[in-house]
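Descriptive analysis of the structure
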Amino acid sequence: SQTIHQWPATLVQPVGSPLSLECTVEGTSNPNLYWYRQAAGRGLQLLFYSVGIGQISSEVPQNLSASRPQDRQFILSSKKLLLSDSGFYLCAWSATRLEAFFGQGTRLTVV
Amino acid sequence: AQSVSQHNHHVILSEAASLELGCNYSYGGTVNLFWYVQYPGQHLQLLLKYFSGDPLVKGIKGFEAEFIKSKFSFNLRKPSVQWSDTAEYFCAVNAGGDSSYKLIFGSGTRLLVRP
């Protein structure tokens, strides 16, 4: 069966520090991968999605970037965090046009 | 661009009351539609989905949703809610064409069921 792993679960980082959140999927190949940010009252905002290695589509201009160095690995990064980057980040995978399956999420607090 | 609207941000019901949560989307072509639920402290789970065929779809835990193409709607229903249905509910749309890989979510509806 397929599983998705996302880490760390919580992270506290100072303003201006770099960020790297990692997500890996097991049990499937060539998944579509997604990064979302969840904010209270605003639902899930799609940040990035990827349909293959090295293929990244950005939905929202911001201080973050994403990379997909391997088929089942998706990384969310920032060179310098801002206070406004605080939030709950979710990784998800899907087969094309089918339902998405979510990781447990990362609570990021920028101080 | 495709979008999803959930008009009810907070809903409070008593146990055994009926539930209907609204979801409207903006996209003129073929869509796949989903409802997800997030129970307190848990990750998002799929409640039900619509791809094609019968517009009335049944999901887990007694939930159902009706796809009305002419209204661009996919409302979630449950005849009799339980305290354990307290959660946040999200509608999501996956559109076709160049957007076929994107799964767009609504802003969510927080449901509180009072015993």
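One structure accompanies this document, and this report is about it. (Residues numbered from 1 in each chain as written. Chains lettered and ligands numbered in written order. Predicted model: local features only at pLDDT ≥ 70, side-chain atom pairs only at ≥ 80, totals over all residues. Heavy atoms only, no water.)

**Things to note about the overall build of chain B**
- For chain B, the count of helices and strands is 0 helices and 12 strands.
- Listed N to C, the secondary structure of chain B is β-β-β-β-β-β-β-β-β-β-β-β in terms of helices and strands.
- Here the C-alpha atoms of chain B give a radius of gyration of 14 Å, agreeing with the 13 Å that 2.2 N^0.38 yields for 115 residues.
- For chain B, the spread of C-alpha atoms along the three principal axes comes to 45 × 30 × 20 Å.
- Scored against the burial criterion, the 115 residues of chain B give a buried share of 50%.
- For chain B, restricting intrachain contacts to residue pairs at least 6 apart in sequence, the fraction spanning at least 24 positions comes to 56%. (Helix = DSSP H or I, 4+ residues; strand = E, 2+ residues; numbered from the N terminus. Rg over C-alpha atoms; globule rule 2.2 N^0.38 Å. Buried < 20%, exposed > 50% of the residue type's maximum accessible area, 1.4 Å probe, protein only. Contact = heavy atoms within 4.5 Å.)

**A closer look at the overall build of chain A**
- What chain A contains, in helices and strands, is 0 helices and 11 strands.
- The N-to-C order of helical and strand elements in chain A reads β-β-β-β-β-β-β-β-β-β-β.
- A compact globule built from 111 residues would reach a C-alpha radius of gyration of about 13 Å, and chain A, at 13 Å, matches this within 12%.
- Based on the C-alpha atoms only, the size of chain A along its principal axes is roughly 40 × 30 × 25 Å.
- Of the contacts made within chain A by residues no fewer than 6 positions apart, 53% connect residues no fewer than 24 positions apart.
- For chain A, the accessible area works out to roughly 5200 Å², and carbon and sulfur atoms hold 53% of it. (Areas by Shrake-Rupley, 256 points an atom, 1.4 Å probe, with all protein chains shown as cover.)

**Looking at the interface of chain B and chain A**
- At the junction of the two partners, chain B supplies 26 residues and chain A supplies 22 residues.
- Here chain B and chain A share an interface that buries about 1900 Å² over both sides, 56% of which is from carbon and sulfur atoms.
- Seen at the junction of chain B and chain A, the total is 2 salt bridges.
- The salt bridge partner of Glu59 of chain A is Lys102 of chain B, with a shortest N-O separation of 3.3 Å.
- Connecting chain B to chain A are 7 residue pairs in polar contact (both at pLDDT 80 or more). (Buried area = accessible area lost by both parts, 1.4 Å probe. Salt bridge = Lys/Arg side-chain N within 4 Å of Asp/Glu carboxyl O. Polar contact = N/O pair within 3.5 Å; in protein donor to acceptor, adjacent residues only side chain to side chain.)

**Overview of the pairing of strand β8 (residues 64-68) of chain B**
All names here are of chain B.
- Strand direction decides the pairing type here: strand β7 (residues 56-58) and β8, joined by 3 bridges, are antiparallel. By the bridge assignment, Leu56 is partnered in β8 with Glu66.
- Between β7 and β8, which pair antiparallel and follow one another directly, the connecting turn spans 5 residues, one of which, Lys61, has a positive phi of 60°.
- As defined by bridge partners, β8 adjoins strand β9 (residues 73-78) across 5 bridges and the pair is classed as antiparallel. In the sheet register, Ile68 faces β9, and the bridge partner there is Ser73.
- A loop of 4 residues connects β8 with β9, the two strands running antiparallel in sequence, and Phe72 in this loop sits at a positive phi of about 50°. (Pairing = 2+ DSSP bridges.)

**Section: the environment of Gly105 of chain A**
Residue and element names in this part refer to chain A.
- Take Gly105: it is sitting in the loop between β10 (101-102) and β11 (106-110).
- In this structure, the C-alpha to C-alpha distance between Gly105 and Thr10, residues 95 residues apart in sequence, is 8.4 Å.
- Setting aside residues up to four positions removed in sequence, Gly105 forms contacts with Gln6, Pro8, Ala9, Phe88, Tyr89 and Leu90.

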